[in-house]
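If you want the building blocks of each chain, they are given just below.
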Amino acid sequence: MSEQRVLRIGNPLLHEVAEQVSEFGTPPLRELVVDLWDTMAARGGVGIAAPQIGVGLRVVVFAMRDHPLHADPESIPQTVLINPVIEPMDDTIEDGWEGCLSVPGMRGLVPRYQRIHYMGRDVDGAPIDREVEGFHARVVQHECDHLDGVLYPQRIRDMAQFGFEEEISLAGKYTQLEC
Ligand code: NI
């Protein structure tokens, strides 16, 4: 398959609750996953959720390894996560800059749980069960929000901390990648 159009903020499909995947390992599910990887790669993102390409299923993909734009040395394994469930490991909240392929060129300071336990299934239905923190935890929370129709601007506490990446960079602030 191929790169798909990424829906942008304002499109009502981005605010719907996606449906659970009930059958794993099927050709349509594999095609969806390839489309997600191709679209994410074409945009240089670190993650993408199925609703962003107009598919209302609970499927996200993410990966980050030695990304030239990311100063943090941590990496995120290449992951297809289906029907995810997130549990915070404690109450610690961390503010961090986020961007989204559906809100291109913008960045916002978003509070997220610092440490989470997440579970789900891969494309073949095999279980995924991880405890993560930091940017990995942030990306998973951002992607899973997409499955519930939530975009990161809805989580910003101080709208003064939202704007065009170029303006924020000019102000000397550290910005994250789009996902
Ligand atoms: Ni996003």
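Since we're looking at a predicted model, the values are computed, not measured.

### Examining the overall build of the chain
- If you tally the helices and strands in the chain, you get 3 helices and 8 strands.
- Burial analysis of the chain (179 residues in total) assigns 50% to the buried set.
- When the accessible surface of the chain is split by element, carbon and sulfur atoms take 49% of a total near 8,800 Å².

### Remarks on the coordination of the nickel ion
- Within the protein, C100 (SG), H142 (NE2), H146 (NE2) and C179 (O) serve as the donor atoms for the nickel ion, at 2.0 to 2.3 Å.
- Taken together, the 4 donor atoms coordinating the nickel ion and their angles of 95 to 144 degrees define a geometry best described as irregular.
- Mapped onto the polypeptide sequence, the residues donating to the nickel ion form the spacing pattern C-x41-H-x3-H-x32-C. Placement of the pair is C100 in strand 4 (residues 93–100) and H142 in helix 2 (residues 134–147), with a sequence separation of 42 residues. Of the two residues, C100 and H142, both sit in the buried class.

### A few points about the packing of aromatic side chains
- Overall, the coordinates contain 2 aromatic pairs when judged by the stated rule.
- Their ring planes at 75 degrees and their centres at 6.2 Å tell us that F62 and Y118 sit as a pair that is edge-to-face. Of this pair, F62 sits in strand 2 (residues 59–64) while Y118 sits in strand 6 (residues 115–121), and the two are 56 residues apart along the sequence.
- What makes Y118 buried here is its relative accessible area of 0%.

### Thoughts on the nonpolar core
- Grouped together as the largest cluster of nonpolar side chains are 20 residues, with contacts concentrated most on V46, F62, L81, Y118 and V140.
- Secondary-structure elements contributing two or more residues to this core are strand 2, strand 3 (76–88), strand 6, strand 7 (127–133) and helix 2.
- Ranked by residue count, the leading element in this core is helix 2, at 6 residues.
- Within the second largest apolar cluster, 18 residues are counted, among which are V21, M40, I53 and V80.

### Quick look at the sheet that holds strand 8 (residues 162–164)
- Read across the sheet, 3 strands follow the order 4-5-8 without closing on themselves; strand pairing throughout is antiparallel. The open sheet terminates on both sides in strands that have one partner only, identified here as strand 4 and strand 8. For this sheet, the mean angle separating the axes of adjacent strands, direction not counted, is 20 degrees.
- For strand 5 (residues 103–113) and strand 8, the ladder comprises 3 bridges, and the chain directions are antiparallel. Along strand 8, the bridge assignment pairs R107 with G163.
- Against the sheet, helix 2 engages strand 4 and strand 5, with an angle of about 60 degrees to strand 4.

### A word on the state of the cysteines
- All chains considered together, the criterion is met by 0 disulfides.
- Note on C144: no disulfide assigned, nearest cysteine sulfur contributed by C179 at a separation of 11 Å.
- Given the relative accessible area of 4%, C179 is considered buried.

### A few points about the side chain of T39
- Within the fold, T39 resides in helix 1 (residues 27–43).
- Setting aside chain neighbours within four positions, we find T39 in contact with S2, E3, Q4, V6, I48 and I53.

### Remarks on helix 2
- Here helix 2 contains 14 residues, and its C-alpha end-to-end distance of 21 Å stays within 8% of the 20 Å for a straight helix at 1.5 Å per residue.
- The element helix 2 is largely enclosed, with a buried count of 13 among its 14 residues.
- Positive backbone phi, at 75 degrees, marks G149, one or two positions downstream of helix 2.

### Looking at the side chain of E98
- Relative to the elements of secondary structure, E98 occurs in strand 4.
- Note on E98: relative accessible area 3%, which makes it buried.
- A distance of 2.8 Å separates polar atoms of two side chains, one belonging to E98 and the other to R112.

Parameters and conventions
Residues numbered from 1 in each chain as written. Predicted model: local features only at pLDDT ≥ 70, side-chain atom pairs only at ≥ 80, totals over all residues. Heavy atoms only, no water. Helix = DSSP H or I, 4+ residues; strand = E, 2+ residues; numbered from the N terminus. Buried < 20%, exposed > 50% of the residue type's maximum accessible area, 1.4 Å probe, protein only. Areas by Shrake-Rupley, 256 points an atom, 1.4 Å probe, with all protein chains shown as cover. Donors = N, O, S within 2.8 Å, 3.2 Å for Na, K, Ca; no water. Tetrahedral: all angles 85-135°; square planar, octahedral: opposite > 155°, others 65-115°. Phe/Tyr/Trp six-rings, centres within 6.5 Å; stacked < 30°, edge-to-face > 60°. Core = buried A, V, L, I, M, F, W, Y, C linked by side-chain atoms within 4.5 Å. Pairing = 2+ DSSP bridges. Axes fitted to C-alpha atoms, helices over the stretch in contact; angles between N-to-C directions. Contact = heavy atoms within 4.5 Å. Disulfide = S-S within 2.5 Å. Expected span 1.5 Å × (residues − 1). Polar contact = N/O pair within 3.5 Å; in protein donor to acceptor, adjacent residues only side chain to side chain.

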